[in-house]
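Below, each chain spelled out in residue letters.
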Amino acid sequence: MRILSIETSCDETAISILEAKGEFPHATYDILGNALWSQIDIHREFGGVFPMLAKREHVATIIPMLEKALIEADLETTPSEVDEHLAAELQTILNREPELADKLLSFQAKHGVPQIDLIAVTSGPGLEPALWVGVNFARALALLWNTPIVPVNHMEGHVLSSVFDIERDDMLSDISFPTISLLISGGHTELILMKDWGHYEKIGQTRDDAVGEAYDKVARMLGLQYPGGPEIAKRAEQARKEKLPEFIKLPTPMLNSGDLDFSFSGLKTAVRYAVADKELSETDICAIARDFEDVVTTVLLKKSLAAIETYAAQTLIVGGGVSANQHLKRMFESSFLEKAPDVTVYFPQPKLSTDNSIMIALAGHARAENALAPRGADVIRADGNKSLA
Ligand code: KG4
Ligand code: ZN
């Protein structure tokens, strides 16, 4: 089955084409085409992502990404004529992004219909104006190509991308259940119990800020660029290398709360107080970044170990943008080796840790049986708060 996937939930416009050979979860996957445009440089100026700006950028780049992925995949195509009736239907689907309909029709005239069996699109969670671009575009493509379409949960994509080994064998790892997933991104911090593929039960979550959000906000306080995660991580590594002394004693929020919930807003406020009215040197910033990252790591690690113990889980999957953090990965791997050596810990490969569309194709394959016919796809809604469990 050949899957074209579309991701526009935040600040990446991404389209991939994957060939799945076999049934989920035992298939092998060939990445035939992969195109990703990051808007980070545009949002950096404003210190964060503005939904309407993100939407505009998705509209501007989605067809170039489609073209790039299709050219890379070099699929056979059949020429097609679009009659007036179909053109009018496309205009209706894309009425919030009218310029896209004309561009799509010229694109179609140039490229024809490629051999795609399924279109997978992120329908949530994320920024709704941004999500709608992908959803409407996917519906229009489905109609134009007469291809089934399946809506995908972005967080399920993160889970699957963490167990997708593109370097070794192009398959999903053969994981043992029960599995615990720790999902840590710009919008999410949650612990999920999986008793099988596709079955999710939320067993813990943040009561306020997501961990990625805390990284981004603390970075801003320290005068660092958006996105804050990699900026803080780099300085924290520097502080460790130089063995800088502690700059602030930060609280370890909810460490002993007795449940699996998190809270990061108090931590962020503690940093704010500690740095208020101070002239910070580059060394101070490195030390604070390390102090912050250490506390975050301690809390995430302790709660993950508790979840593993409570549910007698055999596997831990860490996913979402914050899982790109190398210190976190090292600490998890060494602590699990020491305290829960029977548990297998999965982190995503670096290029699959932040948002991408390969993970959306994997989730699309997992959900292929929910695919809708192109003319029944108006039930797909962008849902900013779409939940996994
Ligand atoms: O999954 P993702 O790309 O987008 C969302 O779905 O939210 O996650 C983005 C988040 C941002 O908050 C970013 O600062 C954080 O992931 N992040 C990191 C690192 N790389 C990205 N946080 C810590 N360390 C990193 N190396
Ligand atoms: Zn994400």
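Residues numbered from 1 in each chain as written. Chains lettered and ligands numbered in written order. Predicted model: local features only at pLDDT ≥ 70, side-chain atom pairs only at ≥ 80, totals over all residues. Heavy atoms only, no water.

## A look at the coordination of the zinc ion (ligand 2)
Here the zinc ion (ligand 2) is held by His154 (NE2), His158 (NE2) and Asp355 (OD), and the distances to it run 2.1 Å. Ordering the donors of the zinc ion (ligand 2) by residue number gives the pattern H-x3-H-x196-D. Note that His154 and His158 are positioned in helix H6 (residues 154–162) at a spacing of four residues, about one turn of the helix. Owing to a relative accessible area of 5%, His154 belongs among the buried residues under this scheme. On the basis of relative accessibility, which here comes to 1%, the residue His158 falls in the buried class. (Donors = N, O, S within 2.8 Å, 3.2 Å for Na, K, Ca; no water. Helix = DSSP H or I, 4+ residues; strand = E, 2+ residues; numbered from the N terminus. Buried < 20%, exposed > 50% of the residue type's maximum accessible area, 1.4 Å probe, protein only.)

## Concerning the domain arrangement of the protein chain
Much of the literature gives interface size as the accessible area that the parts lose upon coming together. Domain annotation for the protein chain reports domain 1 (2–159 + 353–379) and domain 2 (175–348). Here the C-alpha centre of domain 2 lies 31 Å away from the C-alpha centre of domain 1. Domain 1 puts 18 residues into the contact, and the matching count from domain 2 is 19 residues. Taking both sides of the interface into account, the surface hidden between domain 1 and domain 2 amounts to around 1,500 Å²; carbon and sulfur atoms contribute 69%. When the buried surface of domain 1 facing domain 2 is broken down by residue, Met155, Val159 and Ser353 rank first, second and third, together holding 38% of it. One can count zero salt bridges joining domain 1 with domain 2. Where domain 1 touches domain 2, the interface holds five residue pairs in polar contact (both at pLDDT 80 or more). Broken down by secondary-structure element, the contributors of at least two residues to the side of domain 1 that touches domain 2 are helix H1 (40–44) and H6. Ranked by residue count, the leading element in the side of domain 1 that touches domain 2 is H6, at four residues. Class assignment for the residues of the side of domain 1 that touches domain 2 results in eight nonpolar, six polar and four charged. (Domains from an automatic or database assignment. Contact = heavy atoms within 4.5 Å. Buried area = accessible area lost by both parts, 1.4 Å probe. Salt bridge = Lys/Arg side-chain N within 4 Å of Asp/Glu carboxyl O. Polar contact = N/O pair within 3.5 Å; in protein donor to acceptor, adjacent residues only side chain to side chain. Nonpolar A, V, L, I, M, F, W, Y, C, P; charged D, E, K, R; others polar.)

## Focus: the sheet that holds strand E11 (residues 189–196)
Spatially, the five strands line up as an open sheet ordered E12-E11-E10-E13-E14, and their pairing is mixed. Edge positions in the sheet fall to strand E12 (199–205) and strand E14 (344–346), since each of these pairs with one other strand and no more. In this sheet, neighbouring strand axes are inclined to one another by 20° on average, regardless of whether the strands run parallel or antiparallel. Summarising the sheet, strand E13 (residues 315–319) and E14 pair through three bridges and their orientation is parallel. (Pairing = 2+ DSSP bridges. Axes fitted to C-alpha atoms, helices over the stretch in contact; angles between N-to-C directions.)

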